[in-house]
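Coordinates in review
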Amino acid sequence: MKALEDENCNMVGLQGLGGTGKTLMALKVSENLEGSHFSKVIFLVVSKPPDFKNIQREIVRQLDLKSKDEKEEELLEGIWSQITSMEEKLLIILDDMWEEFDLKKKLGIPSISQHKDCSVLITTCNINICQNMGCQKIIQLEKLNEEDALNLFHANASMNNSNISKKLV
Ligand SMILES: Nc1ncnc2c1ncn2[C@@H]1O[C@H](COP(=O)(O)OP(=O)(O)OP(=O)(O)O)[C@@H](O)[C@H]1O
Ligand SMILES: [Mg+2]
């Protein structure tokens, strides 16, 4: 959240192995920053292979634009003009990215030089994607240490007896 609140940073990467909690953290960031630092947050699941037309439709829906079954160029144009004419701060979260792509060409999202009030948070397992997408700040989620992992397991399995932990270890 600090990285996203930094005025000099509009592209942030959240990287970590599968299951380390990237999606949950991105959702929490969205909950916390929508209505405070950002007027609006758009949460998009990219996944692989990315279905760009579907993601464009989702942006259109979340931006409350007209949702006719338009051609891809019209969707991109609509998204671009809506975002660049917004006066409030917008955060776009792209969850679960597996490949880099051009945000403007594929999704109609402007870069900082084109519109300063639009920030992007990407989550990915692959640090190269953060670097290649031009993230100014990369947050890396580490695995839990053994003790915390065991405590989390116990909490979820409703086990809190230390004898059980010895047996498991
Ligand atoms: N801080 C946390 N405390 C407890 N459970 C958590 C925490 N963070 C994530 N989880 C749980 O761990 C699981 C994996 O989290 P999440 O889906 O966010 O990981 P991910 O890094 O996005 O994984 P993937 O790379 O596969 O998309 C989920 O069931 C989530 O609810
Ligand atoms: Mg995820």
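No experiment lies behind these values; they were computed from the predicted model shown.

Conventions used here
Residues numbered from 1 in each chain as written. Chains lettered and ligands numbered in written order. Predicted model: local features only at pLDDT ≥ 70, side-chain atom pairs only at ≥ 80, totals over all residues. Heavy atoms only, no water. Helix = DSSP H or I, 4+ residues; strand = E, 2+ residues; numbered from the N terminus. Polar contact = N/O pair within 3.5 Å; in protein donor to acceptor, adjacent residues only side chain to side chain. Contact = heavy atoms within 4.5 Å. Disulfide = S-S within 2.5 Å. Axes fitted to C-alpha atoms, helices over the stretch in contact; angles between N-to-C directions. Parallel < 35°, antiparallel > 145°, perpendicular 65-115°, else oblique. Left-handed = near helix turned anticlockwise from the far one by under 90°. Nonpolar A, V, L, I, M, F, W, Y, C, P; charged D, E, K, R; others polar. Buried < 20%, exposed > 50% of the residue type's maximum accessible area, 1.4 Å probe, protein only.

1. Some points on the side chain of Q56
Examined against the element boundaries, Q56 turns out to sit in helix α3 (residues 52-62). For Q56, the side chain forms a polar contact with the side chain of E72, separated by 3.1 Å. When near neighbours in sequence (up to four residues on either side) are disregarded, Q56 contacts E72, L75, L76, I79, K106 and L107.

2. Focus: the state of the cysteines
For the structure on display, the rule yields zero disulfides. Free of any disulfide, C118 has its nearest neighbouring cysteine sulfur in C9, separated by 13 Å. In this structure C130 is not part of a disulfide, and its nearest cysteine sulfur, from C135, lies 4.7 Å away.

3. Side note on the packing of α3 against helix α4 (residues 72-85)
With their axes 10 Å apart at the nearest point, α3 and α4 run at an angle of 40° to one another. Relative to α4, the element α3 lies oblique. Remark: the crossing between α3 and α4 carries left-handed chirality. Within the contact between the two elements, α3 uses K53, Q56, R57, I59 and V60 and α4 uses E72, L75, L76 and I79. A breakdown of the residues in the contact of α3 with α4 according to their chemical character gives five nonpolar, one polar and three charged.

4. Description of the environment of M97
Positionally, M97 belongs in strand β3 (residues 90-97). Given the relative accessible area of 0%, M97 is considered buried. Linking M97 and Q15, residues 82 residues apart in sequence, is a C-alpha distance of 10.0 Å. The contacts of M97, once residues within four sequence positions are left out, are V46, I122, T123, T124, I129 and M133.

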